[in-house]
Amino acid sequence: MINKIPNSEITDSKAFKDRRRIIKAILAATGSSIVPAFAASDNARWQNLPKSNLSTGIMTTPSEIVENYTNYYEFSFNKKEATKLAQSLPIDPWSLQISGEVEKPGTFILEDILRQQTLEERIYRFRCVEAWSMVIPWVGFSLGDLLKKVNPLSTAKFIKFTSIYQPEIMANQNTNTVLEWPYTEGLRIDEAMHPLTLLAVGMYGETLPKQNGAPLRLIVPWKYGFKNIKAIVKIELLKKPPTTSWNTFARNEYGFYANVNPLVKHPRWSQNSERLLGSEFFTPRRKTELFNGYGEQVAALYKDMDLRHFF
Amino acid sequence: MIQKSNLRLKILIVCWLPLLFLLVDAVFDNLGSNPIRALHIRLGDWALRFLCITLAITPIQAVTNWRGMSEYRRMFGLFTFVYASLHMLGYLIVDQVLHWKIIGVDILESSYIWFGIISYFIIFVLAITTPNWSKKVMGKNWKKLHRFIYLAAIAAVTHYFWQLKGNLAEPFLYSIIVFILLGFRVLISFKTRHMSKLMIPKGRKTSKLSD
Ligand code: HEM
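**Section: the site of the ligand**
Residues and elements named next belong to chain B.
Then comes step 1: Neighbouring residues of the ligand: 21 residues in total, closest Arg37, Asp45, His87, His159 and Tyr160.
Then comes step 2: In this structure, an oxygen atom belonging to the ligand sits 2.9 Å away from a side-chain N or O atom of aspartate 45.
Then comes step 3: Between an oxygen atom of the ligand and a side-chain N or O atom of glutamine 163, the distance comes to 3.4 Å.
Then comes step 4: For the shell around the ligand, the secondary structure elements donating two or more residues are helix 2 (35–64), helix 3 (70–95), helix 5 (111–128) and helix 8 (149–161).
Then comes step 5: Classifying every residue of the shell around the ligand gives 12 nonpolar, seven polar and two charged.

**Some words on the interface of chain B and chain A**
Then comes step 1: Listed per partner, the contact involves 32 residues of chain B and 41 residues of chain A.
Then comes step 2: Both faces combined, the contact of chain B with chain A buries some 3,000 Å², and carbon together with sulfur accounts for 55% of it.
Then comes step 3: Contact with chain A buries surface across chain B, with Ser33, Glu109 and Lys165 of chain B losing the most and accounting together for 27% of the total.
Then comes step 4: For the pair chain B and chain A, the number of links is four salt bridges.

**Some points on the confidence of the model for chain A**
The predicted coordinates ought not to be read in detail in places where the model reports low pLDDT.
Residues and elements named next belong to chain A.
Then comes step 1: Across chain A, the average pLDDT comes to 89, with 86% of residues at 70 or higher.
Then comes step 2: Residue range residues 1–8 is modelled with pLDDT below 50. Its contacts to residues more than four positions away, or to other chains, number 22 contacts.
Then comes step 3: Note on residues 31–42: pLDDT is under 50 here. Beyond four places in sequence and across chains, it has 17 contacts.

**A word on the coordination of the iron atom of the ligand**
Ideal coordination angles are 109.5 degrees for a metal with four donors arranged tetrahedrally and 90 or 180 degrees for a metal with six donors arranged octahedrally.
Residue and element names in this part refer to chain B.
Then comes step 1: For the iron atom of the ligand, every protein donor is listed as His87 (NE2) and His159 (NE2), and the spread of their distances is 1.9 to 2.0 Å.
Then comes step 2: If you look at the iron atom of the ligand, its six donor atoms make angles of 85 to 178 degrees with each other, and the shape they trace is octahedral. You can see histidine 87 sitting in helix 3 and its partner histidine 159 sitting in helix 8, a full 72 residues away along the chain.
Then comes step 3: Residue histidine 159 is classed as buried on the basis of its relative accessible area, which comes to 16%.

**Section: the packing of aromatic side chains**
All names here are of chain A.
Then comes step 1: Enumeration over the complete set of coordinates arrives at 25 aromatic pairs over all chains.
Then comes step 2: Relative to tryptophan 138, the ring of phenylalanine 126 has its centre 6.4 Å away and its plane inclined at 55 degrees; by these criteria the two rings are tilted. Here phenylalanine 126, found in strand 3 (residues 120–127), pairs with tryptophan 138, found in strand 4 (residues 132–142); they are 12 residues apart in sequence, far enough to count as distant.
Then comes step 3: An aromatic cluster of three or more residues is present, and its members are Tyr73, Phe77, Phe226, Trp246, Phe249 and Tyr254.

**Here we look at the pattern of salt bridges**
Then comes step 1: Counted under the stated rule, the structure contains 20 salt bridges over all chains.
Then comes step 2: A salt bridge links aspartate 95 of chain B to arginine 285 of chain A; the nearest nitrogen and oxygen atoms lie 2.8 Å apart. Remark: arginine 285 of chain A occurs in the loop between strand 11 (273–276) and strand 12 (286–287) and aspartate 95 of chain B occurs in helix 3; the pair is interchain, linking two chains.
Then comes step 3: The class for arginine 285 of chain A is buried, based on a relative accessible area of 14%.
Then comes step 4: Here aspartate 25 of chain B makes a salt bridge to arginine 42 of chain B, at a shortest N to O gap of 2.5 Å. Of the two residues, aspartate 25 of chain B is situated in helix 1 (residues 2–27) and arginine 42 of chain B in helix 2; the sequence distance between them amounts to 17 residues.
Then comes step 5: Judged by its relative accessible area of 26%, arginine 42 of chain B falls in the partly exposed class.

**Thoughts on empty space enclosed by the protein**
All names here are of chain A.
Then comes step 1: Counted by the stated rule, this structure contains one cavity of 30 Å³ or more.
Then comes step 2: What the largest cavity holds in volume is close to 350 Å³.
Then comes step 3: Together, 27 residues line the largest cavity, and Asn71, Arg217, Gly225, Phe226 and Lys230 are the ones closest to its centre.
Then comes step 4: Counting residues per element, the lining of the largest cavity draws most heavily on strand 4, which supplies four residues.
Then comes step 5: The residue makeup of the lining of the largest cavity, split by class, is 17 nonpolar, six polar and four charged.

Quick notes on the rules
Residues numbered from 1 in each chain as written. Chains lettered and ligands numbered in written order. Predicted model: local features only at pLDDT ≥ 70, side-chain atom pairs only at ≥ 80, totals over all residues. Heavy atoms only, no water. Near = heavy atom within 4 Å. Polar contact = N/O pair within 3.5 Å; in protein donor to acceptor, adjacent residues only side chain to side chain. Helix = DSSP H or I, 4+ residues; strand = E, 2+ residues; numbered from the N terminus. Nonpolar A, V, L, I, M, F, W, Y, C, P; charged D, E, K, R; others polar. Contact = heavy atoms within 4.5 Å. Buried area = accessible area lost by both parts, 1.4 Å probe. Salt bridge = Lys/Arg side-chain N within 4 Å of Asp/Glu carboxyl O. pLDDT = per-residue confidence, 0-100. Donors = N, O, S within 2.8 Å, 3.2 Å for Na, K, Ca; no water. Tetrahedral: all angles 85-135°; square planar, octahedral: opposite > 155°, others 65-115°. Buried < 20%, exposed > 50% of the residue type's maximum accessible area, 1.4 Å probe, protein only. Phe/Tyr/Trp six-rings, centres within 6.5 Å; stacked < 30°, edge-to-face > 60°. 1 Å grid on protein atoms, 1.4 Å probe; cavity = no way out; pocket = protein on both sides within 12 Å on 5 of 7 lines; lining within 4 Å. Points joined across faces, edges and corners; volume = space filled by probe spheres on them.

Dropping the structure here:
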C-alpha cells in the first residue's frame, strides 16, 4: 500500500450513484431524463482478479467520471464528443506488432497475448497535464513481462509505441489537425521494464471502454496522462530515443520524460496542485506529489538527472 | 414608454438565465465529470460573451442609426461585471476554498491567469465608475477610461488562448469578433474625426434628443 489520501476527498462511489439515482428519479417523475453519455458495459469479465500489491490503497474514482472524461484528440478536442465518436473504432480482432531490437519480433493477436499473461487489477493514480487527477483500478499485465517474451537485445535502449491510424474514422487524423498522426509515445528501456509499468486491457473489472484506450493502452502511473498512449498497434525497441507526439508538437511544453513533478511548471500553468475528480464543490485541490506519489519506487531511475532539464 | 421598460425587463431576465441554467445544472449534477472546471468554463464564457455584446452596441447603433440602444450598453457592461465576478469568486471560493498558499503558487505559476486578472481589474474599475455621478465628476476622462474595455477584451481572449493545449478554434472565433468590433470602432472614430464636415447626419435621431 502506497501513500493515502483521506477518503473524504472523493465522494465514494456509492454515495455518488445514490445521488445520481435520486436525481434521475426526480427527473423521471417530471418527465425529463438525463442519459449518461455512456453506460457501463455489461462485460464484467474480470471481477475477481488478484489484487496487485503494487496498488495504491485509496478509494477509486467513480467509473462514470473516468468513462466520460478522457482526451482522445484523434476523435475530438471535446472530451464528451470524443467519447461518443470513439465508439465507432473497430477493435476486434486486434493485433500488436513488436519489432526492432528484439530476438523474436512478430505480429501477435491480442487474445493470444492475454492467454500468456497473468492479468491483475492495479489501482493507480492518474494525473493529467491539465491539472486534474483520478484513481483508477486498471486491469492489465506488466509491459516488462511481455517484452521478456520477445527477448530484447542489449542494444534496445528505448521503446516506441504507436497508436492506431484510421483516418476514415478518426476525424482529426483525416484533417491532420494539431498533432502528427498516428500518435506516438516512448519510454526509456528501464522505465518500460519497471514493474509499475502496465499494459491495460480493462478497468473496473471490465473491458476497457473504447474512449479509454481499448483494446490495449499503456499506463505509466508516475508520468502525465499523455504518456499513456491508447489503442496501441505497434511496439518498437530502438537504439535511439523516438520522437513522440506532444513533444514534437511543443518541445518546450511537453518533455520526453513527462514525469509528474509539482516543481516543474508547464510554461503556461502551474502543476503544483490538482483537482481530484469526484470531489465536490468547495473541496480544496490536492497537492501534486513528485512522481505522482510513486517516488519510492521510481526515483532511482532518475537519480543523477536534473529533473528541471529533463522534464 | 411602457414598451421600452418592458423590453428592458425582458433583457434583464434573459441576462440572468445563463446563471439560472448553471445553478440548475449544478443542483441536478449535470455538469459532467469535472463540475468545477465546467463552472469556470460556463462563467468565463458568459463573461466574455457579455463583453462582446457590450462592445457590439456602438457599432450596431452606428449601422442601424438606432439611438435607443446605448442605455442597454451599460446594462450589458454590468452583466459582464457580474459574470466575471462570479467567475473569479468561483475560482477563489468554490475551487480553491480560499487556500491562499495554493492560490498564490497557482497564480504565480499560471500566466494565463495573469491575463484574466488584468481583464477583471479593468472590468471592475469600469463597473464602479458606471454611475451617472461618476460620469459627471470625471468629465472627459470618463470616455477615455472606458475605452479600456477593448484592452479588457483583448486580455480576456488572451486568457482563453493561453490555457489551451492545441484546440484553438473557439478563442480564435472570439478574437475575430473582438478584432472586428475594435476595427469598426477605429474606423468610426477616424470617420467622425476626418469626415464629419462632409457627412450630413440622418436617420431616426429625432426620438432621443437627450442622448
Ligand atoms: C481574477 C480573474 C480571473 C481568474 C482567476 C480566472 C480563472 C480562470 C480559470 C481557473 C479558468 C479555467 C481554466 C481551466 O481549467 O480550463 C478560466 C477560464 C476562462 N476564463 Fe477566466 N479568470 C479570470 C478572469 C476572467 C475574465 C475577466 C474573463 C472574461 C471577461 C474570463 C474568461 C474566461 C474564459 C472565456 C475561460 C475559458 C472558458 C472555456 O474554456 O470555454 N476570465 N478562467
